[in-house]
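Below are the chains, spelled out letter by letter.
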Amino acid sequence: MIPAQFDYVRPTTVEEAVQALRDGGDDAKLLAGGQSLLPVLRLRMADPSLIIDLGGIAELKGLREEGNEVVVGAMTSHHDVARDDTLRQHVALIQEATKTVADPQVRHRGTLGGALAHADPAGDLAAPALALDAQFVIAGPNGTRTVAAADFFEDYFTTAIGEGELLTEIRFPKFTGWGARYEKFNRVAQAWSIVAVAATVKVEGGTISEARIGLTNMAGTPVRARAVESALVGQSASEENVRKAAQAAAEGTSPTADADAGSDYREHLARVLTGRAVLAAAG
Amino acid sequence: MTTTENPSTPAPEIGRDRRRKEDRRLITGRTRWVDNQALTGLLHLSVVRSPFAHANIKGIDTSAAKQVPGVVAVYSAADIGADQVQLPCAWPITKDMKSPQRPALAGSRVNFAGEGVAVVVARSAAIAKDAAELVEVDYEELEPVLDMEEALKDGATLVHPEIGTNANAQWVFDSGEAGSGGDVAEALKKAESDDDQIVVRRRFRQQRLVPVFMEPRSTVVDPNSEQLTMWSSTQVPHILKTMLALTLGLPEHKIRVIAPDVGGGFGGKIAVAPEEVLTLLVARKLGKPVKWTETRSESLLTAHHGRDQVQELAMSVTKDGQITGLDVKLIADMGAYLGLVGPGVPILGAFMFNAIYKIPAYRFDCTNVFTTKTLTDAYRGAGRPEATFGIERLMDEAALELGMEPLEFREKNWIKHEEFPYTTVSTLTYDTGNYEAATEQAKQMFDYDGLRREQQERRRRGDVKQLGIGISTFTEMCGLAPSRVLGSLDYGAGGWETASIRMQPTGKAEVVVGVSPHGQGHETAFSQIVADQLGVPFDDVEILHGDTQSSYKGLDTYGSRSLAVGGIAVVKAAEKVIEKAKPIAAHMLEASEGDLEFSGGKFTVKGTDKGVGIQDIALAVFAAHDYPEGIEPDIDAHATFDPENFSFPHGTHLCAVEVDTETGFVSLYKYVCVDDVGNVINPLIVEGQVHGGLAQGIAQALYEEAAYDDQGTLLSGTLVDYTLPTAADLISFDTANTTTASTTNPLGVKGVGEAGTIASTPAVVNSVLDAIRHLGVKDIDMPTTPYRVWTAIQSASGHAGRADEADVASPGAGLGSTASDISKGDTQGGHL
Ligand SMILES: Cc1cc2nc3c(=O)[nH]c(=O)nc-3n(C[C@H](O)[C@H](O)[C@H](O)COP(=O)(O)OP(=O)(O)OC[C@H]3O[C@@H](n4cnc5c(N)ncnc54)[C@H](O)[C@@H]3O)c2cc1C
């Protein structure tokens, strides 16, 4: 597995990276952890002439708290996201989902920003980001702009990141005290999701007061299960109530059919897994 | 010469759970794989492959590729005579078998997606790959041939029009004709009109699998040494060498093949691969060393696949559970061409469908078919997993229809321990075995009765996660093989094996073996055998293998033969060393040979404390200053062992799974196996072989499939799509051994390399079905993916009224089939 030839640069600041993107034109490709890009290059499904390695840009790595938000640099590895105490306390859902990504080797290399920018519909981090109303900070020739998760994911492998731009950080609002569960369904432990459900709920006195639910691989982009969210609010977190509410999980989705699952099966899984995810998050 | 006062014998090596000698270098990566070979001036080869399953080649334009800096040559088939080559098939199973020519590169037509059409040779592997992308091939697409049954119908598109049919051969065994049993057609007919008998018919599918070895294949050829040298990641360096000579018309003594450390094979490296031949042809043409190393996707696409059969089975059985006949009709997919032993693989199953059971009438009828898919050949178990799956699934189905407990039904029919040696309806003579003992131990370890109770509890409560219990009581034939038997099966070689022992002046032993390990731990196990035989320390033994210059004669490693055949050759060589040393010892001790005894590495004069060690004799013959007249000053020895029988390991495997009835997901819950592999040389290695074997057999049941789309494109061309399980998907297996020593070899050993794979697949599928049969599910094709399980449950409950009358008994529940819905004539396979 040998990629086609390319030039390689390793900028040390976001500014330099933006400049490199401008110089490279539409034949340039950003490299984060390489866990999605390298297979694509090695299978020769893409042959960019310039690779811009973001690994040398210190400002893109790491996490910090900023008021009501936790800010994660795009180049923060899955491994670091999965272990971080601040996230555990305030944004547990993204952490739960990250723990299910592939295997330790991939989690050491792969990054949150790379996964979100790659926008694979079966990827595990977009649905939680959507459910959590994350904000995406994007740098480009005209400075930075911020895009809400609801507007970030546009289609299969397509995001709001424009030509000449890069994702620099992801800002998560704090969900302190919320329960969280990422219910992933796949065939073998290190495989991609057939369907997965990201649920985080706030339970007060045995009653669900708020709920956020995102679905993985139920359409070209992650989907919010809003009908389930509203059906849950004000309900006690009993198995019966939750399962009933979860029946609405497939509303508004358009899942694909493949060897692993027909679309009817995906819809069914969405309902079952939503019930399980919410019960676990509430428990 | 030494005289010992303290003739204490060292503790025996055989039976010790020694860590493997070879693991330090393998695990730390400090070994040399073929791809590590870096010869001066080495060139690299990349193969241009067809994206189409079936197409005429109208033209190949290599001009752009040739322009790439660093490219040395671009060849299509005719440029190097690759279209004239006939890659060998060593197993013509019938006199009228149809063998289409299998070239090293396709000349005018490609017959499967991935077949090579041109090669690029360049100064680096990257340049070769870049240039290969620029080779323009003009294809005229032909109809692919994908379905085995369709392929056999009149008017079907032919893969190879020149042979006039898609049928490769039909091979039949009939116990009536062979005189080993009755006529099965009669038995079935009789049963059908007999109120005291039933006939159970089922159709099972063996999906296509890929033997995913860890080290991709790689070949380096140096044409300039005195002997042309080929390093190859192969299981069969000796066979490869002879076949290269025969296939290419090269003098055999001018070829040297080296299989260095090889990272797994599982049968997938029993081949004379087109790429091995291409590398050789190109190296000779250019007079330069050339390397070919495949990518993982090339490996999945073009290294041979395994299994792929449709099985139509019929069993007649009396209502009190006595089997009266078994009829087996197979069609087996060869893919586009015949591999080295491909056509014989399904035929090995002929001897194993009757398994451990006493079956009075038996017929086996297999038709091999060509399709436009990657060819199939040996894959761990080769023929026996298919047979074991068929019979062990059928035993459950028959028990179900009879309303008998499936273990009881098996016991009623199996060969009792006091009946050995036992000659089966398929004419093999099982030397030893004790199915009762293995089953009893397995049941206890498993808590069979407790789990049956738990299953009932869950069923009563209507739990989302239902429990299923699956059984496989298996035997297999391995230790390939008595040469005369192979001859009677028209196999192209014998089944003997060789070993040589070279005693060094310092008393160390170099042992050269003809088997060719690729992960099994031969160096450790054989050292243990030699240490005991010669009475030398374990660390004083070195096992050499895999280089035809040192190991000049052998038949390599497959079919769980290395210990049961190769290991015995080692014993025989050691016996010869001792025999040769004896007159010298007598001379040194000034005693007569008749007064000597050999034990613990020493000859001693009976009744005295005078003795001399074998290692000292080695030094004495090296000096050769003083030795008896009329003999050679040499105690080295070479031995060839031809087994008189196969080896028949057996065992009882019990599997419990949980099936999530809401999602269809199957999780392993408990797995117990008690295998009888005869005497154990190294328990740690045996356990390792069983664990790996289980993982592979379970993977067939639950995870793996090489699927093609309707154009003949392989859908599982990467390891993302070909879902190999890892440790994270499996559970901790409970393994144990019972021991009935084999009586057909002096070590009393049987094979173990394939046992786990052969036995486990039906145990798992039986357990999956056992968990959800009460929901109306009858069968599910392998792999039993969540989607298939869920769909099976859906469609079973979709049948009018089925959900309510859902107490169709699990065979394990002991309730019997209350339902007429599992009708006698139902031969439906799975639901997908
Ligand atoms: C064996 C295996 C199994 C996997 N299983 C899973 C799984 O179960 N679940 C899952 O979610 N993922 C899985 N992945 C993917 C993994 O999560 C990757 O890490 C992730 O998809 C890509 O992240 P990366 O940092 O490696 O990005 P890269 O591969 O480097 O880049 C991916 C894409 O994003 C672009 N990109 C990267 N960074 C930026 C940026 N800052 N701004 C703009 N564009 C950018 C790149 O140009 C490229 O197109 C798996 C990967 C492998 C190899």
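On a predicted model such as this, the values are computed, not experimentally measured, just so you know.

### Quick notes on the packing of helix H11 (residues 239-246) of chain A against helix H12 (residues 263-282) of chain A
Residues and elements named next belong to chain A. Closest axis-to-axis distance for the H11/H12 pair is 8 Å, and the angle between their directions is 140°. It follows that H11 is oblique to H12 by the angle criterion. Where H11 crosses over H12, the two elements pack in a sense that is right-handed. Across the interface between the two elements, Glu239, Val242, Arg243 and Ala246 from H11 touch Arg271, Thr274, Gly275, Arg276, Val278 and Leu279 from H12. Taken together, the residues of the contact of H11 with H12 break down into four nonpolar, two polar and four charged.

### Some thoughts on helix H21 (residues 786-798) of chain B
With 13 residues, H21(B) should reach 18 Å at 1.5 Å per residue; the first-to-last C-alpha distance of 18 Å fits that figure. Along H21(B), the residues that are buried comprise B:Pro786, B:Tyr787, B:Arg788, B:Val789, B:Trp790, B:Thr791, B:Ala792, B:Ile793 and B:Ala796. The inward-facing, buried residues of H21(B) contact strand E11 (179-185) and H12 of chain A together with strand E26 (650-660), strand E27 (666-676) and helix H20 (755-772) of chain B.

### A short note on helix H13 (residues 435-446) of chain B
Residue and element names in this part refer to chain B. Helix length check: H13, at twelve residues, gives a terminal C-alpha distance of 16 Å against a target of 16 Å (1.5 Å per residue), a fit within 8%. Regarding H13, the residues found buried are Tyr435, Glu436, Ala438, Thr439, Ala442 and Phe446. Viewed end-on, H13 has its buried residues packed into an arc of 165°, placing them on one side of the element. As for H13, its buried residues are in contact with helix H12 (406-413), strand E17 (429-430), helix H14 (448-461), strand E18 (465-475), E26 and E27. Once H13 ends, the next one or two residues include aspartate 447, with phi positive near 60°.

### Focus: the pattern of salt bridges
Taken as a whole and judged by the stated rule, the model has 72 salt bridges over all chains. B:Asp130 is the partner of A:Arg44 in a salt bridge, and the nearest nitrogen-oxygen pair spans 2.7 Å. With A:Arg44 in the loop between helix H2 (37-42) and strand E3 (50-53) and B:Asp130 in helix H3 (residues 125-132), the pair connects residues from two separate chains. Take B:Asp130: its relative accessible area is 18%, and that puts it in the buried class. One salt bridge connects B:Glu454 with B:Arg458, and the closest N-O pair in it is separated by 2.8 Å. One end of the pair is B:Glu454 and the other is B:Arg458, both in helix H14 and four residues apart, which spans about a single turn.

### A few points about the site of the ligand
All names here are of chain A. The full set close to the ligand counts 28 residues, and Leu30, Gly34, Gln35, Leu37 and Thr111 are the nearest of them. Leucine 37 places a main-chain nitrogen or oxygen 2.7 Å from an oxygen atom of the ligand. Residue threonine 111 places a side-chain N or O atom 2.6 Å away from an oxygen atom belonging to the ligand. Compared with its free state, where it exposes 950 Å², the ligand has 91% of that area covered by protein. Mapped by element, the contributors of at least two residues to the shell around the ligand are strand E2 (28-31), helix H7 (112-118) and strand E10 (166-173).

### Considering the nonpolar core
All names here are of chain B. The biggest cluster of nonpolar side chains holds 148 residues, and the ones touching the most others in it are Phe364, Phe409 and Ile698. Domain assignment of the residues forming this core places at least three in each of domain 2 (145-430) and domain 3 (434-473 + 645-802). When neighbours within four sequence positions are excluded, phenylalanine 409 is seen to be in contact with Met315, Val317, Gly321, Ile323, Met395, Ala398, Ala399, Leu402 and Met404. Within the second largest apolar cluster, 46 residues are counted, among which are Ala581, Ala585, Met588 and Ile617.

### Observations regarding the interface of chain A and chain B
If you look at the interface, chain A gives 26 residues, while chain B gives 29 residues. Both faces combined, the contact of chain A with chain B buries some 2100 Å², and carbon together with sulfur accounts for 60% of it. At the junction of chain A and chain B, the tally comes to four salt bridges. Across the chain A-chain B interface, the total number found is twelve residue pairs in polar contact (both at pLDDT 80 or more). Looking at the side of chain A that touches chain B element by element, the count peaks at six residues for H12(A). A class-by-class count of the residues in the side of chain A that touches chain B yields 14 nonpolar, five polar and seven charged.

### Some words on the pairing of strand E1 (residues 43-49) of chain B
Residues and elements named next belong to chain B. The buried count for E1 comes to seven of seven residues, which makes it a mostly enclosed element. Here E1 pairs with strand E5 (residues 116-122) via six bridges, running antiparallel. When the bridges of E5 are listed, leucine 45 appears paired with valine 121.

### Things to note about the confidence of the model for chain B
When pLDDT is averaged across chain B, the result is 94; 95% of the residues are at 70 or more. Low pLDDT, under 50, characterises residues 799-832 of chain B; the stretch is placed with 76 contacts to residues that sit more than four places away or in other chains.

### Overview of the side chain of B:Glu497
Mapped onto the fold, B:Glu497 is located in strand E19 (residues 497-503). A distance of 3.4 Å separates a polar side-chain atom of B:Glu497 from the backbone nitrogen of B:Asp556.

### Observations regarding the sheet that holds E10(A)
Residue and element names in this part refer to chain A. Reading across from one edge, E4-E5-E10-E6-E7 is the order of the five strands in this open sheet, with antiparallel pairing throughout. A single partner strand is all that each edge strand has here, and the edge strands are strand E4 (63-66) and strand E7 (143-148). Neighbour to neighbour, the strand axes of the sheet diverge by 25° on average, direction disregarded. Summarising the sheet, strand E5 (residues 69-73) and E10 pair through five bridges and their orientation is antiparallel. Directly across from valine 71, in E10, lies its bridge partner arginine 171. Of the strands in this sheet, strand E6 (135-140) and E10 touch helix H1 (residues 14-24), which is tilted by about 130° from E10.

### Side note on empty space enclosed by the protein
One way to see where empty space is left: roll a probe the size of a water molecule over the atoms. Residues and elements named next belong to chain B. Scanning all chains against the criterion turns up eight cavities of 30 Å³ or more. There is about 250 Å³ of room inside the largest cavity. Surrounding the largest cavity, 27 residues form its lining, Arg102, Phe112, Pro274, Thr302 and Leu375 being those nearest its centre. Contributing elements (two or more residues each) for the lining of the largest cavity: E1 and helix H8 (274-286). Looking at the lining of the largest cavity element by element, the count peaks at three residues for H8.

Cut-offs applied
- Residues numbered from 1 in each chain as written.
- Chains lettered and ligands numbered in written order.
- Predicted model: local features only at pLDDT ≥ 70, side-chain atom pairs only at ≥ 80, totals over all residues.
- Heavy atoms only, no water.
- Axes fitted to C-alpha atoms, helices over the stretch in contact; angles between N-to-C directions.
- Helix = DSSP H or I, 4+ residues; strand = E, 2+ residues; numbered from the N terminus.
- Parallel < 35°, antiparallel > 145°, perpendicular 65-115°, else oblique.
- Left-handed = near helix turned anticlockwise from the far one by under 90°.
- Contact = heavy atoms within 4.5 Å.
- Nonpolar A, V, L, I, M, F, W, Y, C, P; charged D, E, K, R; others polar.
- Expected span 1.5 Å × (residues − 1).
- Buried < 20%, exposed > 50% of the residue type's maximum accessible area, 1.4 Å probe, protein only.
- Arc of directions from axis to C-beta.
- Salt bridge = Lys/Arg side-chain N within 4 Å of Asp/Glu carboxyl O.
- Near = heavy atom within 4 Å.
- Polar contact = N/O pair within 3.5 Å; in protein donor to acceptor, adjacent residues only side chain to side chain.
- Areas by Shrake-Rupley, 256 points an atom, 1.4 Å probe, with all protein chains shown as cover.
- Core = buried A, V, L, I, M, F, W, Y, C linked by side-chain atoms within 4.5 Å.
- Domains from an automatic or database assignment.
- Buried area = accessible area lost by both parts, 1.4 Å probe.
- Pairing = 2+ DSSP bridges.
- pLDDT = per-residue confidence, 0-100.
- 1 Å grid on protein atoms, 1.4 Å probe; cavity = no way out; pocket = protein on both sides within 12 Å on 5 of 7 lines; lining within 4 Å.
- Points joined across faces, edges and corners; volume = space filled by probe spheres on them.

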